[in-house]
Amino acid sequence: MRTPENEFKLALARGETQIGLWLALADAYSAELVAGSGFDWLLVDGEHAPNDLRSILATLQAVAPYPVHPIVRLPSGDPVLIKQVLDLGATTLLIPMVETADQARALVQAVRYPPNGIRGVGSGIARSSRWARYETYLHEADKRICLLVQVENETGLRNVDEIAAVDGVDGVFVGPADLAASMGYLGQASTPEVLAAIDGAISSILAAGKAPGILMPDRARAKRYIQAGARFVAVGVDTTLLANSTAALAASFRRPRTAAPSLEDLAAAFSGRVIDTPDEMAPFLLDWRRRWQGRALAVVQPDTAEDVAAVVAWCRRNRVPVVPQGGKTGLSGGSVPDDSGTAIVLSLSRLNAIRSIDPLNNTITVEAGCTLLQVQEAARDAGRLFPLSLAAEGTCTIGGNLATNAGGVRVLRYGNARELCLGLQVVTPEGDLWDGLRGLRKDNTGYDLRDLYIGSEGTLGVITAAVLKLHPLPTVETAAFVALPDLEAALKVLDLGQQHLGAELTAFELLSEQCLGLVLKHMPDLRRPLAEAAPWYALIGVSSTRAEADATQSLMEILETALENEWVSDATAAQSIGQVKELWALRENTSEAQAHEGPTIKHDISLPISRIPDFVTQTVAAIMEEFDGVSMAILGHLGDGNLHFNVKPAPPRRNDASTVPFQQLEAPINKLVHDAVARFNGSVSAEHGLGVLRRDEAARYKSAVELRQMRAIKDALDPLGLMNPGKLLA
């Protein structure tokens with residue numbers, strides 16, 4: 001008897017499309033049931049399904065009488081396992097996790113007998129040869145075996161041309177789910193980037209004269225891939241078909257659930273306030289910029305950290321999303337719910353106690369609902385400084401500052417919120433209360449959970465309290481305002497200040513003439529500090545524990561050197577605390593002044609300080625060349641590389657009629673600016689967080705590895721996805 005032909009392999013060689021079903025139930029009885037359904041092939045999954053050699057053999061025997069071709073998918077390319085499955089009678093194998101042509105060539109060797117390969121010869125005891133009853137089996141087997149290899153990550157995708165070109169590889173299967181995960185889109189195989197990658201792979205495989213394959217249960221997309229050239233396509237999975245059909249059957253007889261989670265049960269679970277009337281909830285559902293407005297099941301205001309834990313535990317039991325909320329001063333939409341109306345807004349406003357101050361340890365322990373100003377004043381009353389300083393410090397809260405890793409105007413000397421925090425108390429997504437309120441500078445005992453929660457925007461847990469660093473209270477705080485001819489000069493003055501003042505250089509704020517002009521226009525109580533206008537200005541902040549005369553003299557020496565070198569064209573130094581406040585008012589009122597002018601396309605970006613002049617020059621030129629009727633309003637914390645790179649309508653377009661057309665420029669301007677930021681190795685969010693505003697844009701610039709790690713952390717700590725859903729990560 002001659003060895004039977006492999007009709008599946010011949011069909012692929014002829015370019016015929018073969019439609020299959022993926023078998024994951026690992027049961028020969030169910031495999032036989034679907035073997036007569038009319039599919040061209042059935043895949044016996046030995047990687048994700050609980051199949052072993054005996055169950056694979058049973059499945060091969062069960063489907064043998066039917067006009068359907070079995071493909072066995074092994075867990076790996078182990079030559080011993082390949083030999084065993086071929087001896088069982090499998091004639092078509094699908095081997096996963098192939099990344100290189102060398103791996104593909106090794107697999108070809110594994111399915112062939114010597115001298116063409118390394119497959120062990122045991123035909124006398126092998127079902128594949130009918131126990132040597134196929135007299136010509138040893139000479140014909142190599143030609144009958146169909147080898148399919150699977151590429152499922154970016155490395156395999158880059159090498160797919162070479163893999164497909166390997167002699168002995170009959171087809172290349174693209175694993176969409178694994179490929180999507182490799183590209184940073186875990187569970188999102190339908191994103192445009194993944195679809196484009198699959199289309200490119202299919203084209204490359206066809207160009208090599210081989211058959212592309214794919215698993216695609218979605219009928220419309222399966223047909224799309226077939227039209228694109230896929231030759232063996234699994235259009236369903238037995239486990240999914242069974243689960244969906246039984247669920248649909250049960251649902252057709254089950255009474256619909258109408259009962260929403262009981263707010264009475266929620267109110268009984270903790271001490272605090274539950275707000276569920278539309279009018280009372282309204283202030284909690286609109287963001288600071290009035291750009292995002294959501295709906296909520298209720299707003300809750302717990303009294304203690306233990307109450308927060310009780311609320312989160314209730315939400316977990318009832319599968320209710322949780323949106324933590326502080327002072328609601330964020331600019332990225334991270335503190336308001338979506339419009340589904342299913343979430344609980346968890347306001348921390350009642351957790352506003354200063355728990356303790358330890359001046360000798362230079363720490364203060366505060367609850368998350370304390371305002372930044374409240375913490376600053378408590379520290380000052382104890383003769384200490386808490387240096388975090390933001391324009392919204394009277395309203396923003398410590399919990400929100402930490403959740404977004406806030407920066408502000410003193411990052412140059414003191415660092416951002418992360419650097420100012422020693423310990424946290426956090427409610428986990430399970431409703432557990434982790435107490436990490438240790439005021440230690442050194443604690444080298446494993447993973448730093450504190451850093452994990454800071455900057456996580458409430459997506460991993462709820463910060464309820466923190467131990468914050470304090471610093472000696474300065475004996476003198478002064479400032480100077482200087483006019484600059486260009487940004488290169490600004491960097492020279494910054495460098496000069498750092499060399500001569502060291503840590504006493506507290507702030508180095510940048511302001512363009514356009515920004516200063518808007519402040520003076522809309523804040524009539526403020527005056528221009530220098531006689532002549534200049535393209536750029538810097539506000540230099542100095543704080544010191546030295547004698548006031550010594551600190552002032554150091555600042556004056558810097559100004560004199562800068563003037564002598566023509567790095568500044570004019571300068572003024574504050575002579576009193578009142579004048580210091582006047583100079584800072586010019587910087588602190590820029591956001592409000594811009595708001596008076598109408599819509600603004602804002603960019604909160606971070607760049608290497610040395611690259612800022614080139615970035616600004618090139619990017620402003622690109623904006624002006626591509627977009628008509630726009631103007632720039634640039635300011636920022638030059639000392640730490642954070643620019644607020646804002647675009648506004650040019651004066652003739654600043655009217656209500658032009659609002660909609662200008663807003664339509666937001667997406668293309670954002671792309672231009674953020675692409676430039678990426679080229680300069682910067683970040684699209686420096687201190688405002690991602691929220692929903694920059695969530696999708698940040699995903700474009702992060703590597704697949706970084707996104708996978710972030711999603712792995714999110715899935716590990718919040719597997720139900722209930723913590724601030726839709727924020728930071730899509």
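All figures in this text were calculated on a predicted structure; none of them were measured in a lab.

Draft legend 1. Here's a closer look at the side chain of Gln425. Residue position: Gln425 is located in strand β16 (residues 421–427). Here Gln425 falls in the buried class, since its relative accessible area comes to 4%. Looking at Gln425, its side chain comes within polar contact range of the side chain of Arg355, at 3.2 Å. In terms of polar contacts, Gln425 uses its side chain to reach the side chain of Thr464, at 2.8 Å.

Draft legend 2. Summary view of the sheet that holds strand β14 (residues 363–367). Read from one edge to the other, the open sheet built from 5 strands follows the order β13-β14-β18-β16-β17, with strand pairing classed as antiparallel. If you trace the sheet from one side to the other, it starts and ends with β13 (354–358) and β17 (433–436), each paired once. With strand direction ignored, the average angle separating the axes of adjacent strands in the sheet is 10°. One ladder, built from 5 bridges, connects β14 with strand β18 (residues 462–469); its direction is antiparallel. Note on β18: the bridge partner recorded for Thr363 is Lys469. Along the sheet, helix α15 (residues 305–317) makes contact with β13, β16, β17 and β18, crossing β16 at roughly 45°.

Draft legend 3. The arrangement of the sheet that holds strand β5 (residues 146–151) in detail. Strand order in this closed barrel of 8 strands is β1-β2-β3-β4-β5-β6-β7-β8, and the pairing throughout is parallel. Direction aside, neighbouring strands of the sheet carry axes that sit 25° apart on average. Here helix α3 (residues 53–63) sits on the sheet in contact with β2 (41–45) and β3 (69–73), set at roughly 170° to β3.

Draft legend 4. Seen up close, helix α4 (residues 79–88). Restricting attention to buried positions, one finds in α4 the residues Leu81, Ile82, Val85, Leu86, Asp87 and Leu88. Of the surrounding secondary structure, the elements contacted by the buried residues of α4 are α3, β3, β4 (92–95), α5 (101–110) and α6 (137–144). The distance from a side-chain oxygen at the start of α4 to the backbone nitrogen of Val80 is 3.0 Å, and the residue carrying that oxygen is Asp78. Following α4 by one or two positions, Gly89 adopts a phi angle in the positive range, close to 120°.

Draft legend 5. Quick peek at the pattern of salt bridges. All told, the structure shown has 30 salt bridges when counted by the stated rule. For Asp45, the salt bridge is made with Arg73, and the minimal N-O distance between the two is 3.5 Å. Of this pair, Asp45 sits in strand β2 while Arg73 sits in strand β3, and the two are 28 residues apart along the sequence. Each member of the pair, Asp45 together with Arg73, is buried. Salt bridges linked by common partners bring Arg2, Glu5, Glu140 and Arg144 together as one network.

Draft legend 6. The arrangement of the packing of helix α20 (residues 487–501) against helix α25 (residues 612–626) in detail. For the pair α20 and α25, interaxial distance at closest approach is 8 Å and the crossing angle is 160°. With respect to each other, α20 and α25 are oriented roughly antiparallel. Between α20 and α25 lies a crossing whose hand is right-handed. Between α20, through Leu487, Glu488 and Leu491, and α25, the contact on the second element is made entirely by Ile612, Pro613 and Val616. Looking at the contact of α20 with α25, its residues break down into 5 nonpolar, no polar and 1 charged.

Draft legend 7. Inspection of the state of the cysteines at higher detail. Following the criterion strictly, the structure yields 0 disulfides and no others. With no disulfide of its own, Cys370 lies 12 Å from the sulfur of Cys396, the closest cysteine sulfur.

Draft legend 8. Expanded view of the packing of aromatic side chains. By the definition in use, this model includes 10 aromatic pairs. On the basis of an interplanar angle of 70° and a centroid distance of 6.1 Å, the ring pair of Trp41 and Phe232 is categorised as edge-to-face. Of the two residues, Trp41 is situated in strand β2 and Phe232 in strand β8 (residues 232–237); the sequence distance between them amounts to 191 residues. Both residues of the pair, Trp41 and Phe232, belong to the buried class. When the centroid spacing of 5.6 Å and the interplanar angle of 90° are considered together, the rings of Phe615 and Phe680 count as edge-to-face. In this pair, Phe615 is assigned in helix α25 and Phe680 in the loop between α27 (666–679) and α28 (695–701), connecting sequence segments 65 residues apart. Residue classification places Phe615 among the buried residues on the basis of a relative accessible area of 0%.

Scoring rules and cut-offs
- Residues numbered from 1 in each chain as written.
- Predicted model: local features only at pLDDT ≥ 70, side-chain atom pairs only at ≥ 80, totals over all residues.
- Heavy atoms only, no water.
- Helix = DSSP H or I, 4+ residues; strand = E, 2+ residues; numbered from the N terminus.
- Buried < 20%, exposed > 50% of the residue type's maximum accessible area, 1.4 Å probe, protein only.
- Polar contact = N/O pair within 3.5 Å; in protein donor to acceptor, adjacent residues only side chain to side chain.
- Pairing = 2+ DSSP bridges.
- Axes fitted to C-alpha atoms, helices over the stretch in contact; angles between N-to-C directions.
- Contact = heavy atoms within 4.5 Å.
- Salt bridge = Lys/Arg side-chain N within 4 Å of Asp/Glu carboxyl O.
- Parallel < 35°, antiparallel > 145°, perpendicular 65-115°, else oblique.
- Left-handed = near helix turned anticlockwise from the far one by under 90°.
- Nonpolar A, V, L, I, M, F, W, Y, C, P; charged D, E, K, R; others polar.
- Disulfide = S-S within 2.5 Å.
- Phe/Tyr/Trp six-rings, centres within 6.5 Å; stacked < 30°, edge-to-face > 60°.

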